[in-house]
Every structure is written in C-alpha cells, then in structure tokens.
Amino acid sequence: MTAPLTPSQPPQPEPEHDPWQAPQASAHAPGPGADTWHEEGEPGMKREIGQAAVIAAAVAVSGVLLGLLWLWLAPRVPLIADKQAVYLKDTEGEQAIGVDGTFTLLGLAFGFVSALVVFLVRRRGGIPLVVGLAAGALLGAVLAWKVGVWFGPDTDVVAHARSVGRGVVFDAPMELNAKGVLLAWPVAAMVVHLVLTALFGPRDPEPFSSYGARQEQA
C-alpha cells in the first residue's frame, strides 16, 4: 500500500454561533422605519378621495342652515304697486345692499367654522381634503342662496302685488345682486384651513436629522 502524496488537512473548526449576535443587515433590506412609514404613513389616494367626498357632502348640507339664517337676519326690500307697475317703496334705501352684506358675513363665518372643524377632524390635510372643503363650501353657498329664495317671499312679484292689492307694501323676493358673494364661504374656508395647517399642522421629519441618527446608531 502507498500513502497519499498530499497530506490530508485537518477539518477547519466551524465558527461558533452567538445567539445574542444581531443579524447582519442585507444591502437590499429596507432601512429602519421603512415598515413604519408604510404602516403609519398617509392613507392611499382612494381613501383620501373618499374622505374628501364625505367632507364636501357634510359642508354642503350645512348650507341649509346658512340659508335659514340669511332669511332670518337679512333686511327686507319693501315694494309697492299701483295700477301700472311695481316700485321700490324707498328708492334710496340700502336694503338690497344689506341682503348681500348679510350673506357675505354669514359666508365668512361659516368658512371659518367649517375650516376649523375639518382641521380638527383631520390635521394632516392634503390636496383632496382642501379640494373637498372648497367644493363643499361652494355647493353649500349655492344651496343657502336657493333655500333663502325658496322659503322667502313669493318670487312672482306681479302675482304677489295683485294678491295684496294696490298701495299695500310687501316684501321683495330674496335675491343676491352680486353673485360674487357666493365665493365668500369657500375662499374663507381655504384661507383659514391653510393658516391652521401652517401654524398647527404636523411636521414631517427632516431627512438629514434622521440620516445622522442612523449614522450614530451604526
């Protein structure tokens, strides 16, 4: 028998496994905070659009209350009729301006309240939320205008004049002479929500500070 030419090498001892040793991070493994961002980050676009639609509907429905308040607080425009036509009883009166002014002030107040409520409900904001708030406020303003007209004095001035008789003063229909006052509510809501978000909204973490914290942990 002949001995092997190459001496057999003794078996290498296997490295001991330390159960307390932290596993090595893979180059492709997500960094710390990645899972947290996916779990606790902003909701998806579909969820944001759904929340914005709910907010728009709720804000628009509150326009009924604005319309009733407008009908209650706005001054009346007195009319009077003779044999030929219907006239303003007070040609130099400012009741018509007061009707528009009352609607504007109520719209500004409703804009502030609706923006505050939306901000308290969802502080993170977002473009769909702001769009829903503005759209709901605009629809609410239009609904308030229509509610005031529907529940206000008769819109058929000629028929109303005939029913009350000649020389009898009656109220003119509720009407907005300047349709631009419909924008008071949505504009006020957007401005107030923007200010609240800028002052009291949550702040996103700065990327450089988080990177420095990771370097110190390494």
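A brief report on the enclosed structure follows. From a predicted model like this one, the values you see are computed outputs, not experimental measurements. Numbers given to residues run from 1 along each chain, matching the order in which its sequence is written. Only residues with pLDDT of at least 70 are given local features in this predicted model, and only at 80 or more are side-chain atom pairs given and counted; all residues enter the totals for whole chains, interfaces and linings. Water and hydrogen atoms were dropped before computing side-chain values, which therefore reflect all heavy atoms in the structure.

**A few points about the packing of helix α3 (residues 63-73) against helix α5 (residues 127-151)**
Whenever a helix is involved, its axis is fitted only over the stretch in contact; in every case the axis is a line through C-alpha atoms, and angles between N-to-C directions fall within 0 to 180 degrees. Strands are runs of DSSP state E lasting at least 2 residues, helices are runs of H or I lasting at least 4, and numbering of each runs from the N terminus. Direction vectors running N to C along α3 and α5 enclose 45 degrees, while the axes themselves pass 7 Å from each other. In terms of axis orientation, α3 runs oblique to α5. In terms of crossing hand, the pair formed by α3 and α5 is right-handed. Taken together, the residues of α5 that come into contact with α3 (itself represented by G63, V64, L66, G67, L68, W70 and L71) are G140, L143, A144, W145, V147, G148, V149 and F151. When grouped by side-chain class, the residues that make up the contact of α3 with α5 number eleven nonpolar, four polar and no charged. What sets the label is the angle itself: under 35 degrees gives roughly parallel, over 145 gives roughly antiparallel, 65 to 115 gives roughly perpendicular, and the rest give oblique. For a crossing to be left-handed, the near helix must be turned anticlockwise from the far one by less than a right angle; the clockwise case is right-handed. Here, two residues are considered to be in contact whenever any of their heavy atoms come within 4.5 Å of each other. Each residue is assigned to one of three groups, with Ala, Val, Leu, Ile, Met, Phe, Trp, Tyr, Cys and Pro labelled nonpolar, Asp, Glu, Lys and Arg labelled charged, and all others, Gly among them, labelled polar.

**Considering the packing of α3 against helix α4 (residues 95-121)**
Where α3 meets α4, the axes come as close as 10 Å, and the angle between the chain directions of the two elements is 145 degrees. α4 is crossed by α3, and the crossing has right-handed handedness. Together, L65, L66, L69, W70 and L73 of α3 and V99, T102, F103, L106, G107 and F110 of α4 make up the contact between the two elements. Its residues assigned to classes, the contact of α3 with α4 comprises nine nonpolar, two polar and no charged.

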